[in-house]
Amino acid sequence: MPNGRFAPSPTGALHLGNLRTALVAWLCARSSGSRFLVRMEDLDPMVSRREHEVGQLRDLRDIGLDWDGEVVRQSERFGLYRDALTRLVDLGVVYECFCTRREIFEATQAPNGGTSGVYPGTCRNLTQPELGDLRLSGRPPALRLQASAREMSVVDRLVGTKTFPVDDIVLRRNDGLYAYNLAVVVDDHEQGIEEVVRGDDLLSSAASQMHLGDVLGYERMQYVHVPLAVTAAGNRLAKRDGAVTLSDRQALGESGADVLRRIAFMLGFVNGKQVQHPSELIEQFSIAMLPTKPWIFQA
Ligand code: GLU
């Protein structure tokens, strides 16, 4: 059976835009008879907290979402990431990168520099003496994928087909942590995910992730990138924007079902204002009904 998933990072409370994405991911899975999995993207111990995980799962349950099997945590899957990285090293497509964030930023700002946001390739073709000097400098390297595609087209069921540059993505950070882009690609494959539903802030990363999946010989994913929730001024919704989390809304006297109704109504469900449980939305749900513009959230 195909699997869908919601993969939050337990770095804070989910806001209503995140809950909306979770509801869409759940509806995509449940309306097509797929299993629905939840994966905690807690790779980074500096920013991930178990209390946020607990709170996020509670919020999902409170708006009526359920999932199949145990919640998977990336922090417990390092062996899988290590194996994938070893395969990539064996394929000869990994190189050490000694650049700092600042150096990358400066290189991409140069008049003839690379495309902003894409690694300019500074460490891609270091000579052996240069590499030797950098290794001796004591600066720990990140490991990057030597991408063999320049750009890829992401076929998204909501957004359509969009082409983005393929980046030499970091696979292992210079602090030794496996990088998000490696973990997400390995996990989606290992968990048998067929459809990735998530916020459209990750749409352009899908190109580099697809390329990494191709190099590792994985099946391609289907994608649904859902527009984010924004403030009236067009900024991404954040905690400072008022009562934006479920707990905030509950403190105002609203229930999980009230929040579900608000989200369902904003998604365009005709029964949005009456719904008690997300299962009542399944019949009416289709990708085509989803708004393609950001959700302007007024707390
Ligand atoms: N963990 C990411 C986030 O919370 C989502 C990654 C994904 O869905 O691929 O933004």
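Structure's up top.
The sections below set out a description of the structure shown in this document. Counting restarts for each chain, with residues numbered from 1 along the sequence as it is written. Where totals are concerned, whole chains, interfaces and linings use all residues; where local detail is concerned, this predicted model gives features only for residues with pLDDT of at least 70, and gives and counts side-chain atom pairs only at 80 or more. To get the side-chain values, take all heavy atoms of the structure and skip hydrogens and water.

**Observations regarding the overall build of the protein**
Step number 1: Secondary structure elements follow DSSP: runs of H or I no shorter than four residues count as helices, runs of E no shorter than two count as strands, and numbering proceeds from the N terminus. Secondary structure summary: the protein contains nine helices and twelve strands in total.
Step number 2: Computed over the C-alpha atoms, the radius of gyration of the protein is 21 Å, within 12% of the 19 Å expected from 2.2 N^0.38 for a compact globule of 299 residues.
Step number 3: Taken over the C-alpha atoms alone, the protein extends approximately 70 × 40 × 35 Å along its principal axes.
Step number 4: The cut-offs for exposure are 20% and 50% of the maximum accessible area for each residue type, with area from a 1.4 Å probe on protein chains only; residues under the lower value are buried, those over the upper are exposed, and the others partly exposed. Among the 299 residues that make up the protein, the fraction classed as buried is 48%.
Step number 5: Expressed as a percentage of contacts within the protein between residues at least 6 apart in sequence, the contacts between residues at least 24 apart total 74%. As a reference, a globule follows 2.2 Å times the number of residues to the power 0.38, and the radius of gyration itself is taken over C-alpha atoms. Whether two residues are in contact is decided by their heavy atoms: any pair within 4.5 Å suffices.

**Let's talk about helix 1 (residues 16–31)**
Step number 1: In this analysis, the expected span of each helix is defined as 1.5 Å times one less than the number of residues it contains. Under the 1.5 Å per step criterion, the end-to-end length of helix 1 is 22 Å for 16 residues, consistent within 8% with the ideal 22 Å.
Step number 2: Following helix 1 by one or two positions, Gly33 has its phi on the positive side, about 75 degrees.

**Some remarks on the pairing of strand 9 (residues 193–199)**
Step number 1: Among the seven residues that make up strand 9, six are buried, leaving the element largely enclosed by the rest of the structure.
Step number 2: Of the pairings in the sheet, the one linking strand 1 (residues 3–6) to strand 9 comprises three bridges and is parallel in character. Note that in strand 9 the partner of Gly4 across the bridge is Glu195.
Step number 3: Sheet topology note: the strand 9/strand 10 (residues 222–226) ladder contains five bridges and is parallel. Residue pairing in the sheet places Arg198 in a bridge with His225 of strand 10. Note on pairing: DSSP must find at least two bridges between two strands before they are called paired.

**A look at the site of the ligand**
Step number 1: We call a residue near a molecule or strand whenever a single non-hydrogen atom of that residue lies within 4 Å of it. Close to the ligand lie Arg5, Ala7, Pro8, Ser9, Glu41, Tyr180, Val184, Arg198 and Leu202.
Step number 2: Within the contact set of the ligand, an oxygen atom lies 2.6 Å away from a side-chain nitrogen or oxygen of Arg5.
Step number 3: Arg198 places a polar side-chain atom, nitrogen or oxygen, 2.9 Å from an oxygen atom of the ligand.
Step number 4: Here the accessible surface of atoms and residues is derived via Shrake-Rupley with a 1.4 Å probe, and residues count as covered only by protein chains that are part of the display. Taking 300 Å² as the accessible area of the ligand by itself, protein coverage stands at 78%.
Step number 5: Three classes are used, and their members are as follows: Ala, Val, Leu, Ile, Met, Phe, Trp, Tyr, Cys and Pro are nonpolar, Asp, Glu, Lys and Arg are charged, and the others, Gly among them, are polar. Taken together, the residues of the shell around the ligand sort by class into five nonpolar, one polar and three charged. In protein, a polar contact requires one atom able to donate a hydrogen and another able to accept it; more generally it is a pair of N or O atoms within 3.5 Å, and residues adjacent in sequence count only if both atoms are side-chain atoms.

**Description of the state of the cysteines**
Step number 1: In this description, the term disulfide denotes a pair of cysteine sulfurs within 2.5 Å. For the coordinates displayed, the defined rule picks out zero disulfides.
Step number 2: There is no disulfide at Cys99, and the cysteine sulfur nearest it, in Cys123, is 3.8 Å away.
Step number 3: Using a relative accessible area of 13% as the deciding quantity, one classes Cys99 as buried.
Step number 4: On the accessibility criterion, Cys123 (6% relative accessible area) is buried.

**A look at the sheet that holds strand 5 (residues 142–145)**
Step number 1: Across the sheet, three strands lie side by side as 4-5-8; this open sheet has antiparallel pairing. This sheet does not close on itself; its edge strands, each paired only once, are strand 4 (94–97) and strand 8 (170–172). For this sheet the average axis-to-axis angle between neighbouring strands, irrespective of direction, equals 45 degrees.
Step number 2: Across two bridges, strand 5 lies against strand 8 in antiparallel orientation. Whenever a helix is involved, its axis is fitted only over the stretch in contact; in every case the axis is a line through C-alpha atoms, and angles between N-to-C directions fall within 0 to 180 degrees.

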